[in-house]
There are 2 protein chains.
Amino acid sequence: MEMKTLAQERSKAEFDVEAMKVVWAGGEASLRLNQRMAELVANDPEFQKDSRVMQTRSELLKDTFRKAAHAWELINKLHFTEEEARCLRKHIDQPSYADLHWGVFIPAIKGQATDAQQKKWLPLAYSQAIIGCYAQTELGHGSNVQRLETTATFEPSTDGFIVNTPTIAATKWWPGGLGKVSTHAIVHARLLTNGKDYGIHAFIVQIRSLEDHQPLPGITVADIGTKFGSRAYNSVDNGLLRFNNVHIPRENMLMRLATVTKEGKYVHSNVPTQLAYGAMVNVRKSIVMDASYSLARAVTIAVRYSAVRRQFGVQDGQPEMQSRLFPLLATAYAYRFLGQWMSSLYSDTMACFENNDFSTLPEVHACTAGLKSIATSTTADGIEECRKLCGGHGYLTSSGLPDLFAVYVPSCTYEGDNVILLLQVARYLMKTLKFLGSGKEPSGTAAYLSNVTELVSKNCEVAKESDWISPKTLRYAFEARSARLALKCATQIAAASTQDEGFSEASCELLGASRAHCELIIVTRFMGALEREIPGRGVKNQLQILCNIYALSLVTTRAGDFLMTGYLSPEQVELAKSQLRDLFKKVRHNAVSLVDAFDYTDFYLGSSLGRYDGNVYESLYNEALKDPTNASAVTEGYTEFIRPILKQQLGTSMSRL
Amino acid sequence: MEMKTLAQERSKAEFDVEAMKVVWAGGEASLRLNQRMAELVANDPEFQKDSRVMQTRSELLKDTFRKAAHAWELINKLHFTEEEARCLRKHIDQPSYADLHWGVFIPAIKGQATDAQQKKWLPLAYSQAIIGCYAQTELGHGSNVQRLETTATFEPSTDGFIVNTPTIAATKWWPGGLGKVSTHAIVHARLLTNGKDYGIHAFIVQIRSLEDHQPLPGITVADIGTKFGSRAYNSVDNGLLRFNNVHIPRENMLMRLATVTKEGKYVHSNVPTQLAYGAMVNVRKSIVMDASYSLARAVTIAVRYSAVRRQFGVQDGQPEMQSRLFPLLATAYAYRFLGQWMSSLYSDTMACFENNDFSTLPEVHACTAGLKSIATSTTADGIEECRKLCGGHGYLTSSGLPDLFAVYVPSCTYEGDNVILLLQVARYLMKTLKFLGSGKEPSGTAAYLSNVTELVSKNCEVAKESDWISPKTLRYAFEARSARLALKCATQIAAASTQDEGFSEASCELLGASRAHCELIIVTRFMGALEREIPGRGVKNQLQILCNIYALSLVTTRAGDFLMTGYLSPEQVELAKSQLRDLFKKVRHNAVSLVDAFDYTDFYLGSSLGRYDGNVYESLYNEALKDPTNASAVTEGYTEFIRPILKQQLGTSMSRL
């Protein structure tokens, strides 16, 4: 492939890029908001990124605090709404304690505090007269909330709780914003009253003085140290926290779901506990949205670099570099529509909950858990794949990719470890199959399982390449794969001596069944999004191509699933591969424009390889010269550690080796 | 799974761990050498690792220079051999310019210089009176040496070459040790004489003054800036280099293969050019060895942490965490034996070359290219998999895993991009099939292809689980998979309008065929290593189990290949899965002891999670408290950037949001 400029590539686009930008942004208003904030940040010297430079941790934290303070000043001065403020923080592109204060601490108060408590705490939090974090996980207890060891023991004599950390493993560990900034923490602890353990509840605990920021008596608080990457989340003060007989007033228990009376009596409120799950759906939706943004960012860099790169000709052994990027490009779009669908799922679910209808909860819980897991795992791997596709230069910080990977990858672990989440989906699938025909028919994303008898018996009818691009054919294939894998697991588990042992032995297969279920959902949501009118020349057509690429690249990479279950023949998989190659040819000329539609500015991308103008080599070169080590021609350390070697004056005996 | 201590786990080992250590180390002498150097480094305060701390780049470089100088002092004082010196540097565990000087610059002189040139340069290099690097890749030309643009034009009037960098893309870019330290570089440039271009040749160019270390006239040299990770290769001064009419004497051309006379006449020597490939085999062997060491290191951490971790019970949804580690453990062992076999392949190849027999070159080239590619890709992914299996704590620098990943992953790109290498293997396979029956029968690792007619017609005969653990059955299955995939590719390419287009369109399938070929080699080398006597109670038995786990985990993860080619039925894949589960049960009690056999010290591992004693939580806690940000209770930046927010004194208008 000869060298091509990005301008040439752009001239070949077969669709209206501006219209696609609107689709990607989720509407005109979103697009404009994003553009406004992107510009504001890029033009403000206070927000300049020096991400090429290695700082000490303290320098990096201080830099982050400075940006957060400046952002807060702007937010107030310009009277930003919460949405505008959030968008501003996103464009600053440097995680900080403020993300946790606004994104977790405040929502937790809204969700778990009584109206009276909200009236007390929200004004303080909104004005940042206090800064808060969410202290749930403990050093020895990451994913399993029920095993937390921190205790809050009610003491009637003081009308309060005594909070304690009984073991090293019970140390609160990971909360963002805790280590160096927060004045308050929402602490999850085991509620003990009248000698009885009522399980895990949330309490607001002040941890630092509002006068001088010193930790309060009985509190041990510190930063947990450095993390993956040279920047990434090192700009956040993830912290540790220990309590030694810390007293808090009784009213600091978040009492929306349950209260403790003055006498120490534990009383449930009439608010259904299931409401807490609503927040979880919302968080998972945001995570899937972020997955699409992050994958889109990596794909933008890799597609643009791939187009300008001085390629080998085919004869030199490097054909079609770009085609490996197309499934990732399609996946970014798939997750975008998935995230939009999850937004409406959230609204629908909350509407049901408000009518005290919790019947959809198991299905919604399983579906969102699985989608979070699949979307984040695929995105983390996809970012790294994009990085490797950029060759050696992808290893440079100035490519923007190493930090993107390091900052993205914890999403595979937080809000539920991805493996554990998929096993939860599997449990739901097994239960659903078990109760089929008992009158409790599956609904929503699992409704297809009602049709399991047909799905396991009728094999695929694809006879030629073009049969593969029918939405009905694709949906049915993914349904059949998922139903068959789930049924195989159920059979395997039923044959085990106990259900637990069966579940444990089948874990690998269960993960496969869950993945199949989730990928079915993603494929069908992408197809669903294309059933409506989409304005703009060629826009819908491009999305249709991407949707088919997404689905067929799954058919071919997961060919083992389809063949193991007998749904497809090897010949049908070959037809899918062949159809996929045709689709690659169709998308090739549009790839650069399809990443332009993500509308990332050069400032935000922060990548020499992903520049809009394609001026890659000069940019890499100029970035290198900015490295502080290049400030002097002769390096620091020369006189002490290099000259003595060269001059053979090191140590005692410089005999030849 | 309840909590188990490592001591308990160790008591269950069914083999002699000390004997396994000898096997892993490749003999008693290697084991002792390793232990001696490990101890020397761990006990020397100069080599203490402060890898938990974020340093500025300049601090990190200076720290690295200091350690390199101290190591050089020790090497001289203790009269270390080259092997001892290399082992010492490995245990320092911080990449430096010295690795490139000893590992690339000196070997290149040995391989490409004439005897007279070696007599001049080697003593200078051995005493480090000069420090050198290897400047081949250019900013715009990574993998394709033939396209390099740097020129060395012979000038008879000065009896020398004028070296120039004609474009930005021609800037030398990446060489380790170049940016800040090297005084000399072996520069690859296009040799021009008498108006003719003789292609790429190597020249020694002095780039810095031996008096004051300033760059010489006409030389632009600098560091290329920061790279992936907070440390990793940031301790190496990868550099950029440009030439503006730099004159070097004619004798600085490395003239083993060709010379230029005083008159500017280009003359081939009688040394066969193929000799250069011998060095490549040796380098690839080392890369595969490193793959086994690096994967073993990650697996050690993950297996130990997995054993001590406070696990969920099965009922909480997290069964069998450890079993996902077993294939990675088996892979580490597989690569160890592969590396040992590649050592003898290297000796055999060099022996042939010395007899002017280059007939095995294409096969050896393809095989080692493919093994480098598969081993490094799998290891990089495996390290990241281990990191994720450690949950959130794997994201902490103190787990040792983030830096291990960041320092390992460039091996997927250097010495040949892994995708390009696999496509080279594919080209070899296609050529081999093409010439089958023409009298030029394939040999060595490709000999099985002579049997292609039978391999594509006879299907697998496995009828029960235990059939799967026969070496003959396994070898035949991998041969059949590889032969069938290769033949499918050949057919697909033959059907294309041109061979280049066919090759390009089939690239995805060709990568699959190459992978199959390489995995066959790895499986058979592992089995081959077990054909000899192996002393020590239970040692051979454990290795046999690991070998079967390695092979069968490939059968199940690559089930799509086996099914697509019709060699296996879905039922036979199920039998393989079931056999694999049995093997997991057998290896489970030995896993901790199998990683103990890698013999990594706590100092070298540098991981709170991978400690020998399993005291994980206390170690994480203590490491956190050492972070410099915890030196004061109130953070730097509080007064300027946090207090004004809390006190509502920031900026002009602090109106409520």
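On a predicted model such as this, the values are computed, not experimentally measured, just so you know. (Residues numbered from 1 in each chain as written. Chains lettered and ligands numbered in written order. Predicted model: local features only at pLDDT ≥ 70, side-chain atom pairs only at ≥ 80, totals over all residues. Heavy atoms only, no water.)

Bringing the domain arrangement of chain A into the picture now. Residues and elements named next belong to chain A. Domain assignment breaks chain A into domain 1 (44-271) and domain 2 (276-441 + 462-596). A separation of 33 Å is found between the C-alpha centroids of domain 1 and domain 2. Taken together, the 13 residues of domain 1 in the interface contact 13 residues of domain 2. Note on domain 1 versus domain 2: buried area summed over both sides is about 920 Å², and carbon and sulfur give 61% of it. Put simply, domain 1 and domain 2 have one salt bridge between them. The partner of R297 in a salt bridge is D93, and the shortest N-O contact between them spans 2.8 Å. One can count two residue pairs in polar contact (both at pLDDT 80 or more) joining domain 1 with domain 2. Counted by class, the side of domain 1 that touches domain 2 contains four nonpolar, four polar and five charged residues. (Domains from an automatic or database assignment. Contact = heavy atoms within 4.5 Å. Buried area = accessible area lost by both parts, 1.4 Å probe. Salt bridge = Lys/Arg side-chain N within 4 Å of Asp/Glu carboxyl O. Polar contact = N/O pair within 3.5 Å; in protein donor to acceptor, adjacent residues only side chain to side chain. Nonpolar A, V, L, I, M, F, W, Y, C, P; charged D, E, K, R; others polar.)

This next bit is on the nonpolar core. By size, the foremost hydrophobic cluster in this structure holds 294 residues, and its most contacted members are A:Y333 and B:Y333. With near-sequence residues (within four places) excluded, B:Y333 lies in contact with B:M20, B:W24, B:F526, B:L543, B:L546, B:L594, B:A597 and B:F598. Within the second largest apolar cluster, 44 residues are counted, among which are A:Y638, A:F641, B:L88 and B:I109. (Core = buried A, V, L, I, M, F, W, Y, C linked by side-chain atoms within 4.5 Å. Buried < 20%, exposed > 50% of the residue type's maximum accessible area, 1.4 Å probe, protein only.)

This model, assessed by the stated rule, comprises nine cavities of 30 Å³ or more. Of the volumes computed, that of the largest cavity is approximately 180 Å³. Lining the largest cavity are 15 residues; nearest its centre among them are B:N34, B:K90, B:F598, B:D599 and B:Y600. For the lining of the largest cavity, the secondary structure elements donating two or more residues are α2 (17-25), α3 (28-42) and α5 (82-92) of chain B. Broken down by element, the residue count for the lining of the largest cavity peaks at four residues, all from α3(B). Looking at the lining of the largest cavity residue by residue, the classes come out as eight nonpolar, four polar and three charged. The calculated volume of the second largest cavity comes to roughly 140 Å³. As for the second largest cavity, its lining consists of 15 residues, of which A:A68, A:A71, A:R89, A:S96 and A:A98 are closest to the centre. Looking at the lining of the second largest cavity, the element that brings in the most residues is helix α4 (residues 57-77) of chain A, giving six residues. A breakdown of the residues in the lining of the second largest cavity according to their chemical character gives eight nonpolar, four polar and three charged. (1 Å grid on protein atoms, 1.4 Å probe; cavity = no way out; pocket = protein on both sides within 12 Å on 5 of 7 lines; lining within 4 Å. Points joined across faces, edges and corners; volume = space filled by probe spheres on them. Helix = DSSP H or I, 4+ residues; strand = E, 2+ residues; numbered from the N terminus.)

Moving on to the sheet that holds strand β4 (residues 172-173) of chain A. Sheet strands pair via backbone hydrogen bonds, and the direction of the pair is either parallel or antiparallel. Taken in spatial order, the three strands line up as β4-β8-β7 (chain A) in an open sheet, and their pairing is antiparallel. Across the chains shown, the open sheet's two edge strands, defined by having one partner strand only, are β4 and β7 (219-223) of chain A. Here β7(A) pairs with strand β8 (residues 239-243) of chain A via five bridges, running antiparallel. When the bridges of β8(A) are listed, A:D223 appears paired with A:G239. Of the strands in this sheet, β4, β7 and β8 of chain A are in contact with helix α22 (residues 616-625) of chain B, which crosses β8(A) at around 110°. (Pairing = 2+ DSSP bridges. Axes fitted to C-alpha atoms, helices over the stretch in contact; angles between N-to-C directions.)

Even without being glycine, A:H79 reaches a positive phi, approximately 50°. One can find A:H79 in the loop between α4 and α5 (82-92). Non-glycine residue B:W174 carries a positive phi angle of around 105°. Take B:W174: it is sitting in the loop between β4 (172-173) and β5 (184-193). Owing to a relative accessible area of 17%, B:W174 belongs among the buried residues under this scheme.

Moving on, we get to helix α8 (residues 275-308) of chain A. Helix length check: α8(A), at 34 residues, gives a terminal C-alpha distance of 51 Å against a target of 50 Å (1.5 Å per residue), a fit within 8%. α8(A) sits mainly inside the fold: 24 of its 34 residues count as buried. (Expected span 1.5 Å × (residues − 1).)

Turning our eyes to something else, we now look at the pairing of strand β8 (residues 239-243) of chain B. Residues and elements named next belong to chain B. Most of β8 sits out of view: five of its five residues are buried. The alternating pattern of β8 places G239, L241 and F243 and L240 and R242 on opposite faces, both of which are buried. In terms of strand pairing, β4 meets β8 through two bridges, oriented antiparallel. Residue pairing in the sheet places W173 in a bridge with L240 of β8.

On to α22(B), then. Buried residues dominate α22(B), accounting for seven of its 10 residues. Of the positions making up α22(B), those classed as buried are B:V616, B:Y617, B:S619, B:L620, B:Y621, B:E623 and B:A624. Tucked into the core, α22(B) has its buried residues touching β4, β7 and β8 of chain A together with α8 (275-308) of chain B.

A few words on the environment of A:H188. Residue and element names in this part refer to chain A. Note on placement: H188 falls in strand β5 (residues 184-193). In this structure H188 comes out as buried when scored by relative accessible area, which is 7%. For the pair formed by H188 and Q206, sequence separation is 18 residues and the distance between their alpha carbons is 13 Å. In this structure H188 touches Q112, Y134, A135, Q136, E138, L148, T150, K172, I200, H201 and A202, once residues within four positions along its chain are discounted. Within the structure, the side chain of H188 is placed 3.0 Å from the side chain of Y134, a separation counted as a polar contact.

Residues and elements named next belong to chain B. It is at 10 Å that the axes of helix α16 (residues 507-529) and helix α17 (residues 539-557) come closest, and there the two elements cross at 165°. On the basis of the axis angle, α16 is roughly antiparallel to α17. Considering how the two elements wind past one another, α16 and α17 form a crossing that is left-handed. Residues E519, I522, V523, F526 and M527 of α16 form the contact with α17, whose participating residues are L543, L546, C547, Y550, A551 and L554. Partitioning the contact of α16 with α17 into residue classes produces 10 nonpolar, no polar and one charged. (Parallel < 35°, antiparallel > 145°, perpendicular 65-115°, else oblique. Left-handed = near helix turned anticlockwise from the far one by under 90°.)

Now for the sheet that holds β8(B). Judged by pairing direction, the sheet is antiparallel, and its three strands sit side by side in the order β4-β8-β7 (chain B) without closing on themselves. Because the sheet does not close on itself, it has two edges, and the strands there are β4 and β7 (219-223) of chain B. Across the sheet, helix α22 (residues 616-625) of chain A lies against β4, β7 and β8 of chain B, angled at about 110° from β8(B), the strand it touches most.

In this section: the packing of helix α2 (residues 17-25) of chain A against helix α17 (residues 539-557) of chain A. All names here are of chain A. Contact geometry for α2 and α17: axes closest at 9 Å, N-to-C directions at 60°. Here α2 is positioned oblique relative to α17, judged by the angle of their axes. Contacts from A19, M20 and V23 in α2 reach V539, Q542 and L543 in α17. Grouping the amino acids of the contact of α2 with α17 by side-chain chemistry returns five nonpolar, one polar and no charged.

It is worth spelling out a negative patch on the surface at this point. The grouping of A:E59, A:E636, B:E59 and B:E636 at the surface amounts to a negative patch. Among the secondary structure elements, A:E636 is positioned in the loop between α22 and α23 (638-646). (Patch = residues over 30% accessible without salt bridge, like charges linked within 9 Å, V, L, I, M, F, W, Y side chains within 5 Å. Areas by Shrake-Rupley, 256 points an atom, 1.4 Å probe, with all protein chains shown as cover. Lys, Arg positive; Asp, Glu negative; His and termini not counted. Charge placed at Lys NZ, Arg CZ, Asp CG, Glu CD.)

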